[in-house]
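# Descriptive structure summary
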Amino acid sequence: MILSFNSSAQCEKKDRNMFIVHFKLLTISLLITAGKSFSLDTDWWKHTILYEIYVQSFKDSNGDGMGDIKGITNKLDHFVDLGIETLYLSPFFLSPMLDSGYDVSSFTEINPLFGTMDDFNELMSEMKRRGLKLICDLVINHSSDEHPWFRKSIERIDPYTNFYVWVDPKGYDSKRQPIIPNNWMSLFGGSAWEWNEKRGQFYLHQFAIKQPDFNLRDAELKKEIKKIMKFWLVRGVAGFRLDATKHFIEDKYFRDEPLVDPNKTEITTSNDLKHIYTTDLWESYEFIHELRDFTDQYTAGKANRQHLERILVPEAYTDVNHTMAYYGTNDYSIAHFPFNFVFATLYKFANATLYDHRILEWLKYMPKDATPNWVADNHDTVRTGSRLCEEYMDIVTITMMMLPGIACIYYGQEIGMTNSKVRPDQRQDPNNDGAISRDGERLPMQWDDTMNSGFTSKYKPWLPAHPNYWQVNVEKQKSQEISRYNIFKALSQIRKRKTMKIGDFKSYIVSEWVYAFTRSYRRYETYITVLNLGSEIELINLHDVIGKLPSTMQVVVASVNAGYVKGDQIQSTPKFPRLFSMRPLSAIVLTTRAQTKPPIFRTQPIDPRINKNSL
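Residues numbered from 1 in each chain as written. Predicted model: local features only at pLDDT ≥ 70, side-chain atom pairs only at ≥ 80, totals over all residues. Heavy atoms only, no water.

### Some details on the pairing of strand β17 (residues 527–532)
A regular strand places its side chains on the two faces of the sheet in alternate fashion. The buried fraction of β17 is high, at 6 of 6 residues. What you see with β17 is no split at all: Tyr527, Thr529 and Leu531 on one side and Ile528, Val530 and Asn532 on the other are buried throughout. As judged from the 6 bridges shared by strand β16 (residues 514–520) and β17, these two strands associate in the antiparallel manner. Across the sheet, Val514 pairs through a bridge with Asn532, a residue of β17. Two successive antiparallel strands, β16 and β17, enclose a turn made up of 6 residues, where Arg522 displays a positive phi of approximately 45 degrees. Where β17 lies against strand β22 (residues 586–591), 6 bridges are found, and the strand directions are antiparallel. Within β22, the position partnered with Thr529 by the bridge is Val589. (Buried < 20%, exposed > 50% of the residue type's maximum accessible area, 1.4 Å probe, protein only. Helix = DSSP H or I, 4+ residues; strand = E, 2+ residues; numbered from the N terminus. Pairing = 2+ DSSP bridges.)

### With respect to the sheet that holds strand β10 (residues 201–204)
Within the open sheet, the 3 strands sit side by side as β6-β10-β9. Their pairing is antiparallel. Each edge of the sheet is formed by a strand with only one pairing partner; in this case those strands are β6 (166–167) and β9 (193–196). Summarising the sheet, β9 and β10 pair through 4 bridges and their orientation is antiparallel. Across the sheet, residue Trp195 finds its bridge partner in β10, namely Phe202.

### Focus: the packing of helix α7 (residues 219–234) against helix α8 (residues 282–300)
Close contact between α7 and α8 brings their axes to 11 Å; oriented N to C, the two are set at 40 degrees. Regarding α7 and α8, the two cross each other, and that crossing is right-handed. Across the interface between the two elements, Lys222, Ile225, Lys226, Met229, Lys230, Leu233 and Val234 of α7 pack against Phe287, Glu290, Leu291, Phe294, Thr295 and Tyr298 of α8. By residue class, the composition of the contact of α7 with α8 is 8 nonpolar, 1 polar and 4 charged. (Axes fitted to C-alpha atoms, helices over the stretch in contact; angles between N-to-C directions. Left-handed = near helix turned anticlockwise from the far one by under 90°. Contact = heavy atoms within 4.5 Å. Nonpolar A, V, L, I, M, F, W, Y, C, P; charged D, E, K, R; others polar.)

### Let's talk about unusual backbone geometry
A cis amide bond links Asp158 to the next residue, Pro159, at an omega of 5 degrees. Mapped onto the elements, Pro159 comes out in the loop between α6 (148–154) and β6. In this structure, Ser100 takes a positive phi of about 50 degrees despite not being glycine. Looking at the secondary structure, you find Ser100 in the loop between β3 (93–94) and β4 (106–110). The class of Ser100 is buried, set by a relative accessible area of 5%. Positive phi outside glycine occurs at Asp369, with the angle close to 70 degrees. Mapping Asp369 onto the fold places it in the loop between α10 (352–365) and β13 (373–375).

### Side note on the sheet that holds strand β2 (residues 86–89)
If you walk across this open sheet you meet the 7 strands as β12-β11-β5-β2-β1-β14-β13, and the pairing is parallel. The open sheet has two edge strands, β12 (311–314) and β13, and neither has a second partner. Geometrically, the sheet is characterised by an average inter-axis angle of 25 degrees between neighbouring strands, direction not taken into account. Alignment of strand β11 (residues 239–242) against β12, held across 4 bridges, turns out to be parallel. Bridge pairing links Gly239 to Ile311 in β12.

### Quick word on the nonpolar core
Counting 138 residues, the largest nonpolar core has Tyr51, Leu87, Phe92, Phe240, Phe343, Tyr355 and Tyr392 as the members making the most contacts within it. By residue number, the principal contributor to this core is helix α12 (residues 390–402), which donates 7 residues. Dropping the residues within four chain positions of it, Leu87 is found in contact with Leu50, Tyr51, Ile53, Ile72, Leu76, Phe79, Met127, Lys133, Leu134 and Ile135. Val510, Ile540, Ala558 and Ala562 belong to the second largest nonpolar core, which has 20 residues in total. (Core = buried A, V, L, I, M, F, W, Y, C linked by side-chain atoms within 4.5 Å.)

### A few points about the pairing of β12
On β12, burial covers both faces: Ile311 and Val313 on one face and Leu312 and Pro314 on the other are all buried. Read from β11 through α8 to β12, the crossover connection turns out right-handed. (Right-handed = clockwise from strand over helix to strand, strands pointing away.)

### Structural notes on the packing of aromatic side chains
Counted by the stated rule, this structure contains 45 aromatic pairs. Here the aromatic rings of Tyr521 and Tyr524 are separated by 5.6 Å at their centres, their planes lie at 35 degrees, and the arrangement is tilted. Residue Tyr521 is classed as buried on the basis of its relative accessible area, which comes to 16%. Here Arg387 stacks its cationic end above the ring of Tyr347, 5.5 Å away from the centre of that ring. (Phe/Tyr/Trp six-rings, centres within 6.5 Å; stacked < 30°, edge-to-face > 60°. Lys NZ or Arg CZ within 6 Å of the ring centre and 35° of its normal.)

### Observations concerning the pattern of salt bridges
Taken as a whole and assessed by the stated rule, the structure comprises 28 salt bridges. One salt bridge connects Glu126 with Arg130, and the closest N-O pair in it is separated by 2.8 Å. Arg130 sits in the partly exposed class, given a relative accessible area of 24%. With a shortest N-O distance of 3.1 Å, Arg292 and Asp296 are connected by a salt bridge. In this pair, Arg292 and Asp296 are both assigned in helix α8, 4 residues apart and thus about one turn of the helix distant. (Salt bridge = Lys/Arg side-chain N within 4 Å of Asp/Glu carboxyl O.)

### Examining α7
Its 16 residues give α7 an end-to-end C-alpha distance of 23 Å, which sits within 8% of 22 Å, the value for a rise of 1.5 Å per residue. Buried within α7 are the following residues: Leu221, Lys222, Ile225, Ile228, Met229, Trp232 and Leu233. Projection of α7 onto a plane perpendicular to its axis shows the buried side chains occupying an angular sector of 135 degrees, all on one side. For α7, the side-chain oxygen to backbone nitrogen distance between the N-cap and Glu220 is 3.1 Å, and the N-cap itself is Asp218. (Expected span 1.5 Å × (residues − 1). Arc of directions from axis to C-beta. Polar contact = N/O pair within 3.5 Å; in protein donor to acceptor, adjacent residues only side chain to side chain.)

### Observations regarding the confidence of the model for the protein chain
A residue-level look at the protein chain finds 88% of positions with pLDDT of 70 or above and a mean pLDDT of 90. In the model, residues 1–16 has pLDDT below 50 throughout and makes 0 contacts with residues more than four positions away in sequence or in other chains. Considering only residues more than four positions removed or in separate chains, one finds that residues 18–38, a stretch of pLDDT under 50, has 2 contacts. (pLDDT = per-residue confidence, 0-100.)

Pasting the structure below:
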């Protein structure tokens, strides 16, 4: 009995020990699983395609002639099909729309023109279901003069008294009229100062008169801005594009800016001044550093249920040194990355050396371990096909998509949209001293060949559709084997490969007008992007320039005018009659990956009258 009891007790003890072991293993397993499912995603943005949507022009869902939030929701599968992961929306906040929404009268309300908060919540839900992320455009250099904060600031009601930049007059003229504080000029024309009779002071407006500048030195205003950011972070946005960051903070002594031409007697535009007191002040970077600390704390906090790193992206058209400063340092983080406009400011054909310089300048100046990005088109810039020529669109888009880092795409770039002239009576843009309109790059998205390019059912949309929509549209290009849409789709798939995410970058000046660069990683496939930037046919000898290439390579992407198609194989060394040649202003992407079908050597049309000995 005793033996039997002892044996039973030993079995129970053994079972109990085994239970404890299994419990510990289960606990460890659950912790590991939890660690995996709740780990913080800090890498999602470093290789993404960031697609800018100009809300008014993307898709109208209710027939009022203006794009809206529900229209974006209805088109989310467009991004899934293209392989785009991240959307960035122009301002959709409450606004009198003097400057297309960049004059905000409430930062936490949806403009009824674009929908409701329910529409926004539906958009976020549908995006999450598809694995898409959203960046909001945070316009905090200024507000609308219809914002309640500005009205209270006029009344000197605390804490709003110093939310805006108010300055006493320099004096009074002979007619007892107040004299402006200094010579600062608005980017939209005229003085940057506007007198407010009720307050008895001038307020600063670096943009339109109805866009008073915030005083971003004010501690109470900073708290309010962080509340606004949290409002949208809680609703699931993945970060913010910061508008006009170089204008954030101005000289506190309000000193006159020096003239570009000291001999000029009259200041007529903003371009007459050197903006040393109104742009690129270090305090602007310090303010963004504060916002970065705030977003980082949110990222690490319990409220971040998506376990997603939230990002800040400044927009500043400035020199390379001031731009790179937005990255900050390892010890002093500022933004995650500033927009890179090296392609957006390309207004002339560049030979291989100049093209290489534009790319390497960013990569060389960029801090170690920082993430590059590339922008060609946006809502402030004439589209590439209109700045240069339509053939150049493929060159730039293929370059951007094959370079390391983030490709920033403007709506319609995937089908090669271009600017069109907008009549004076159709203009909506108040910018640029009234001399140049940005409406041409903000035309309705070209979805199909129905009325108004399928953008709206209204007879007259807020801006006219481009006249070429009958042939340049999404639906038509989807069905074409060789189209910009399908080129873009192929590029987005290539970007998902390991070589593209972590591979090396090397560039080569093949000849005066031929440029090439490689992306390679260990034993994975190498991709070689080759561009003919010139206006003549070029014979290419990659082998002598790059070296260590297989004798044949496969075409994976080619511009619409290249004469090559996916699957074609070419030789890296030209030997007559199998010459590797490229048409003017064309681009191809080659891979060294093993071939899966018999080679088809495609030769570009070389005039047969050419003496082969002269080649």
